[in-house]
Amino acid sequence: MSELNLVLLGPPGSGKGTQGERLQEDFQLPYFATGDILRTAVAEGTDLGKEADEYMQRGDLAPDEIVVGIIVERIATAEAADGFILDGFPRTLRQGEALDEALKGAGRLLTAVLLFDVNNEEVTRRLGGRRTCTDNGHVFHVDFNPPKTEGICDIDGSELIIRRDDRPEVIEKRLSNYHDLTKPLVGYYEQVGVLRHVEGCKPPDEVGADIRGLLATLRMEEGA
Ligand code: AP5
């Protein structure tokens, strides 16, 4: 497989970030997560952060023109020449079209869009118990993936916090935005022929193994 250009698609809390970290390690590819990029901008108080903050706190999507620029710029860097992993982008049809245009202009294609199938109940349970590390955004869950020491990140030792948008009323808004604005991308990528379903309700290790199997099959098909 010459390039591995992946999009991780799915509702909030479906495990995109958890599997994105693993894919990044497995394939040594740059990982661009719009949520992480925007949260860093908010923490640093940049203009981008100030603009995105009000949307994120409410559980709404940031305007397309902000996020499109962020991603188009990054996938054009030398770092992403052999491929990339996008988490949380695209999230609207307009973002999907902008990504296609940018890739087409560079003579590139998406390898696969991995759709994490997880129902609303499971999402609510997961986000309710999520803990995120302050330094690098590593993700844990109080029951499903607890840190070795409560409140401390296993990987970098920083404090684990509850994300501001993991409050119940904001989770509800994020879910309804997913169904209204992001789900149309499922049909869009199905038509293009790059959509692959991932059974996201299984335990994290099993989900990871399924994804590795799926990508190995794609490689074999490409080589056939
Ligand atoms: P973003 O940070 O992208 O949030 P999200 O898509 O809502 O996704 P999450 O990070 O909440 O969940 P995840 O799927 O990564 O799940 P995770 O692995 O953490 O975006 C935040 C905000 O930024 C948006 O609301 C919007 O305002 C803005 N934004 C971002 N991108 C944008 C865009 N393109 N356009 C406009 N605005 C944008 O897992 C969740 C929990 O479950 C964890 O605790 C984890 O340990 C646990 N878990 C994971 N997998 C499993 C499993 N298999 N079994 C049990 N537990 C599991």
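Before going into details, it helps to say that this report is about the structure given with it. Nothing here was measured: the structure is a model prediction, and the numbers come from that model.

Attention now goes to the packing of aromatic side chains. According to the stated counting rule, one finds one aromatic pair in the structure shown. Ring geometry for tyrosine 188 and tyrosine 189: centres 5.1 Å apart, planes at 75°, overall edge-to-face.

Let us look at the site of the ligand. The environment of the ligand is formed by 36 residues, the closest being Thr18, Asp60, Arg91, Arg130 and Arg174. With respect to the ligand, the backbone of glycine 13 contributes an N or O atom lying 2.8 Å from an oxygen atom. Within the backbone of glycine 17, a nitrogen or oxygen atom sits 2.8 Å from an oxygen atom of the ligand. Protein contacts shield 97% of the accessible area of the ligand, which totals 1000 Å² for the unbound molecule. Among the elements of the structure, helix H1 (16-27), helix H2 (34-44), helix H6 (120-128), strand S6 (139-141) and helix H9 (204-223) are those that each provide at least two residues to the shell around the ligand. If one sorts the elements of the shell around the ligand by residue count, H2 sits on top with four residues. For the shell around the ligand, the per-class residue count stands at 15 nonpolar, eleven polar and ten charged.

A few words now on the sheet that holds strand S4 (residues 112-117). Overall, parallel pairing links the five strands, which are arranged S2-S3-S1-S4-S8 in an open sheet. Two strands lie at the open edges of the sheet, namely strand S2 (31-33) and strand S8 (195-199), each paired on one side alone. In this sheet, neighbouring strand axes are inclined to one another by 20° on average, regardless of whether the strands run parallel or antiparallel. Docked against the sheet, H1 engages strand S1 (4-9), S2, strand S3 (83-87) and S4, running at close to 165° with respect to S1.

Turning next to the pairing of S4. With five of six residues buried, S4 is to be regarded as a mostly interior element. Inspection of the sheet shows S4 paired to S8 by five bridges, in the parallel sense. Looking at S8, one finds that leucine 114 is bridged to arginine 196.

Helix length check: H1 (twelve residues) gives 16 Å between terminal C-alpha atoms against 16 Å at 1.5 Å per residue, within 8%. Here H1 has its buried residues at Lys16, Gln19, Gly20 and Leu23. Buried residues of H1, viewed axially, fall in a sector of 110°; they line one side. With its phi angle positive at about 55°, glutamine 28 sits one or two positions after the end of H1.

Rules of the game
Note that residues are indexed from 1 along each chain, following the sequence as it is written. Totals for whole chains, interfaces and linings use every residue, but because this is a predicted model, local features are given only for residues with pLDDT of at least 70 and side-chain atom pairs only at 80 or more, for both listing and counting. Side-chain numbers come from the whole structure's heavy atoms, not from hydrogens or water. Pairing of aromatic rings covers Phe, Tyr and Trp, the last counted by its six-membered ring, and requires centre-to-centre distances within 6.5 Å; plane angles under 30 degrees mean stacked, over 60 mean edge-to-face, and any other angle means tilted. Note on terminology: near, applied to a residue and a molecule or strand, indicates that one of the residue's heavy atoms is within 4 Å of it. Polar contact is the term for a pair of N or O atoms within 3.5 Å; when the atoms are in protein, one must be able to donate a hydrogen and the other to accept it, and sequence-neighboring residues count only if both atoms are side-chain atoms. All accessible-area figures derive from a Shrake-Rupley calculation using a 1.4 Å probe, and residue coverage is judged against the displayed protein chains alone. Runs of H or I in DSSP of at least four residues are treated as helices and runs of E of at least two as strands, each being numbered from the N terminus. Under this grouping Gly is polar, as are all residues other than the nonpolar Ala, Val, Leu, Ile, Met, Phe, Trp, Tyr, Cys and Pro and the charged Asp, Glu, Lys and Arg. For two strands to count as paired, DSSP must find a minimum of two bridges between them. Orientation is described by lines fitted to C-alpha atoms, with helices fitted over the stretch in contact, and by angles between N-to-C directions that extend from 0 to 180 degrees. Here, residues are in contact when the closest pair of their heavy atoms is within 4.5 Å. For the exposure calls, accessible area comes from a 1.4 Å probe over protein chains only, and a residue counts as buried if that area is under 20% of its type's maximum, exposed if over 50%, partly exposed in between. In a helix, the anticipated span is given by 1.5 Å times the number of residues less one. Summarising the geometry, the arc corresponds to the directions from the helix axis toward the C-beta atoms.

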